[in-house]
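An overview of the molecular structure
One letter stands for each residue in the lines below.
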Amino acid sequence: EAQVTQNPRYLITVTGKKLTVTCSQNMNHEYMSWYRQDPGLGLRQIYYSMNVEVTDKGDVPEGYKVSRKEKRNFPLILESPSPNQTSLYFCASSPQGVSGGYTFGSGTRLTVV
Amino acid sequence: AQSVTQLGSHVSVSEGALVLLRCNYSSSVPPYLFWYVQYPNQGLQLLLKYTSAATLVKGINGFEAEFKKSETSFHLTKPSAHMSDAAEYFCAVSERENQGGKLIFGQGTELSVKP
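This paragraph deals with the overall build of chain A. Across its full length, chain A carries zero helices and 11 strands. Reading chain A from its N end, one meets helices and strands in the order β-β-β-β-β-β-β-β-β-β-β. In terms of overall dimensions, chain A is globule-like: its C-alpha atoms have a radius of gyration of 13 Å, near the 13 Å expected for 113 residues. Here the C-alpha coordinates of chain A stretch approximately 35 × 30 × 25 Å along the principal axes. Out of the 113 residues belonging to chain A, those deemed buried represent 50%.

Below, the structure written as structure tokens:
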């Protein structure tokens, strides 16, 4: 089944403790992206990647890092999480650019206390 | 800068009634436009998209949307609501030459369907 898989689905952590949210897609898509969803704000792009070893900042990159060493994987790293990073995170992939429409993962609900 | 405005954060309809969810965008060039649906505790699912062909776009689950350039609108409709349509709906826009593949999302409209 074609899908984007994120792990974990739920995570509660403490301020300052480094964490990684994994994202993997099995569709051989070029584009991958991370979004965060907050009430009243919709979804905002954190980082995106157009291909292996090519990443760039989205609208809200502060406090996050990403890497794209393999085509299928695009992990999101929070080096020192803070409470304002409590959010619902989505990974998404697209075959080429945005015209094909993104396929989204099921989301990771992160709480930083 | 691009932006998307969804009119109404909550819309309630009766089962069998027309569904109309409004979306207006601002963009300097003809954009790509999308509607996504999000069911509780799930990711976003693509309902339909407008990229360059017919201005009336048909999607899954009986939804359709019409691109009106003069009104900068891309409203989502369904002739007859079903209980299973209850979800949150997001309109999104992206410029055609956007190399970052970034979607700009509206704030979402929660659709309730009454029996």
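So, next bit.
For the structure on display, the rule yields 14 aromatic pairs over all chains. Note on Y102(A) and F104(A): the rings are 6.4 Å apart at their centroids and 65° apart in plane angle, and the pair reads as edge-to-face. Of the two residues, Y102(A) and F104(A), both sit in the buried class. Between F104(A) and F105(B), the aromatic rings sit 6.2 Å apart at their centres with planes inclined by 75°, giving edge-to-face as the arrangement. Separated into two different chains, F104(A) in strand β10 (residues 103–104) and F105(B) in strand β10 (residues 104–105) make up a pair that spans both. Using a relative accessible area of 8% as the deciding quantity, one classes F104(A) as buried. The exposure class assigned to F105(B) is buried, which follows from its relative accessible area of 7%. One aromatic cluster is present, formed by Y35(A), F90(A), Y102(A), F104(A), F34(B), Y36(B), F90(B) and F105(B) through successive ring pairs.

Next up on the list: the side chain of Q6(A). Residue and element names in this part refer to chain A. With respect to the helices and strands, the residue Q6 is situated in strand β1 (residues 4–7). Residue Q6 is classed as buried on the basis of its relative accessible area of 5%. Polar contacts involving the side chain of Q6 include one to the main-chain amide nitrogen of C91, which spans 2.9 Å. When residues no more than four places from it in sequence are discounted, the contact partners of Q6 are T22, W34, Y89, F90, C91, G105, S106, G107 and T108.

Of the voids in this model, the largest pocket is the one considered here, and its volume is about 630 Å³. Lining the largest pocket are 34 residues; nearest its centre among them are Q37(A), L88(A), Q38(B), E88(B) and F90(B). Listed by contribution, the elements that provide at least two residues to the lining of the largest pocket are β4 (31–38), β9 (87–94) and β11 (108–112) of chain A together with β1 (3–7), β9 (87–95) and β11 (109–114) of chain B. Here the lining of the largest pocket is composed, by residue class, of 11 nonpolar, 18 polar and five charged.

Counting residues at the interface gives 22 residues for chain B and 22 residues for chain A. The tally of links between chain B and chain A comes to five residue pairs in polar contact (both at pLDDT 80 or more). Of all the secondary-structure elements, those providing two or more residues to the side of chain B that touches chain A are β4 (31–38), β5 (44–50), β9 and β10 of chain B. Ranked by residues supplied to the side of chain B that touches chain A, first place goes to β4(B) with four residues. For the side of chain B that touches chain A, the class distribution of residues is nine nonpolar, 11 polar and two charged.

The rules behind these values
- Residues numbered from 1 in each chain as written.
- Chains lettered and ligands numbered in written order.
- Predicted model: local features only at pLDDT ≥ 70, side-chain atom pairs only at ≥ 80, totals over all residues.
- Heavy atoms only, no water.
- Helix = DSSP H or I, 4+ residues; strand = E, 2+ residues; numbered from the N terminus.
- Rg over C-alpha atoms; globule rule 2.2 N^0.38 Å.
- Buried < 20%, exposed > 50% of the residue type's maximum accessible area, 1.4 Å probe, protein only.
- Phe/Tyr/Trp six-rings, centres within 6.5 Å; stacked < 30°, edge-to-face > 60°.
- Polar contact = N/O pair within 3.5 Å; in protein donor to acceptor, adjacent residues only side chain to side chain.
- Contact = heavy atoms within 4.5 Å.
- 1 Å grid on protein atoms, 1.4 Å probe; cavity = no way out; pocket = protein on both sides within 12 Å on 5 of 7 lines; lining within 4 Å.
- Points joined across faces, edges and corners; volume = space filled by probe spheres on them.
- Nonpolar A, V, L, I, M, F, W, Y, C, P; charged D, E, K, R; others polar.

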